[in-house]
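What follows is each chain in one-letter form.
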Amino acid sequence: MKQIFGEFVGGRTSFGLLLLRLVAGAGLMMHGYPKIQKPFGWMGEGATTPGFMQALAALAEFGGGAALVLGLLTPLACFGIICTMGYAILVAHKGDPWIKPG
């Protein structure tokens, strides 16, 4: 198992990683909460993304954030979050990861 997961991190580093995971997970949950309210149509009527993909994105953001906070299936949660955010950068932000004002 050490070949897959490496050495266990302890001490202050462990606390820092826990804090990072909690903050990132809570932020993702807050970002995904409005989407999970209307999972198949949160992009609006004129969206080119199909409803099931919108639902998967909502689940990845809210459910992935909850999984990070709880520490459950974190590699799977991170994979879903990475795929969702990658698609958002390429399609919604048209390659620009930064949000432009106005």
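Below: a short report on this structure. (Residues numbered from 1 in each chain as written. Predicted model: local features only at pLDDT ≥ 70, side-chain atom pairs only at ≥ 80, totals over all residues. Heavy atoms only, no water.)

**Section: the overall build of the protein**
Inference 1: Check the secondary structure of the protein and you find four helices and zero strands.
Inference 2: Traced from its N-terminal end to its C-terminal end, the protein shows the element sequence α-α-α-α.
Inference 3: With the principal axes as the frame, the protein shows a C-alpha extent of 50 × 30 × 25 Å.
Inference 4: A burial count over the protein gives 19% of its 102 residues as buried.
Inference 5: Across the protein, the fraction of contacts at a sequence separation of at least 24, relative to all contacts at a separation of at least 6, is 47%.
Inference 6: A total accessible area of about 7,700 Å² is found for the protein, and carbon and sulfur atoms account for 73% of it.
Inference 7: Treating the 7 positive side-chain charges of the protein as one cloud and the 4 negative ones as another, the clouds have centres 5 Å apart. (Helix = DSSP H or I, 4+ residues; strand = E, 2+ residues; numbered from the N terminus. Buried < 20%, exposed > 50% of the residue type's maximum accessible area, 1.4 Å probe, protein only. Contact = heavy atoms within 4.5 Å. Areas by Shrake-Rupley, 256 points an atom, 1.4 Å probe, with all protein chains shown as cover. Lys, Arg positive; Asp, Glu negative; His and termini not counted. Charge placed at Lys NZ, Arg CZ, Asp CG, Glu CD.)

**Some details on the packing of aromatic side chains**
Inference 1: Taken as a whole, this structure holds one aromatic pair when the rule is applied.
Inference 2: Relative to Phe62, the ring of Tyr33 has its centre 6.2 Å away and its plane inclined at 50°; by these criteria the two rings are tilted. Taken as a pair, Tyr33 in helix 2 (residues 12-37) and Phe62 in helix 3 (residues 51-70) lie far apart in primary sequence, 29 residues in all.
Inference 3: Tyr33 gets classed as partly exposed once you look at its relative accessible area, which sits at 46%.
Inference 4: Across from the ring centre of Trp42, 4.6 Å away, lies the NZ or CZ of Lys35, which sits over that ring. (Phe/Tyr/Trp six-rings, centres within 6.5 Å; stacked < 30°, edge-to-face > 60°. Lys NZ or Arg CZ within 6 Å of the ring centre and 35° of its normal.)

**Notes on the state of the cysteines**
Inference 1: Under the defined criterion, the tally for this structure stands at zero disulfides.
Inference 2: Here Cys78 is not cross-linked by a disulfide; its sulfur's nearest cysteine counterpart is in Cys83, at 11 Å.
Inference 3: According to the relative accessible area criterion, Cys78 is partly exposed, its value standing at 31%.
Inference 4: Looking at Cys83, the relative accessible area reads 39%, which means it is partly exposed. (Disulfide = S-S within 2.5 Å.)

**Describing unusual backbone geometry**
Inference 1: Located in the positive-phi region is Leu73, a residue other than glycine, with phi close to 50°.
Inference 2: One can find Leu73 in the loop between helix 3 and helix 4 (74-92).

These figures come from the coordinates and say nothing about function on their own.
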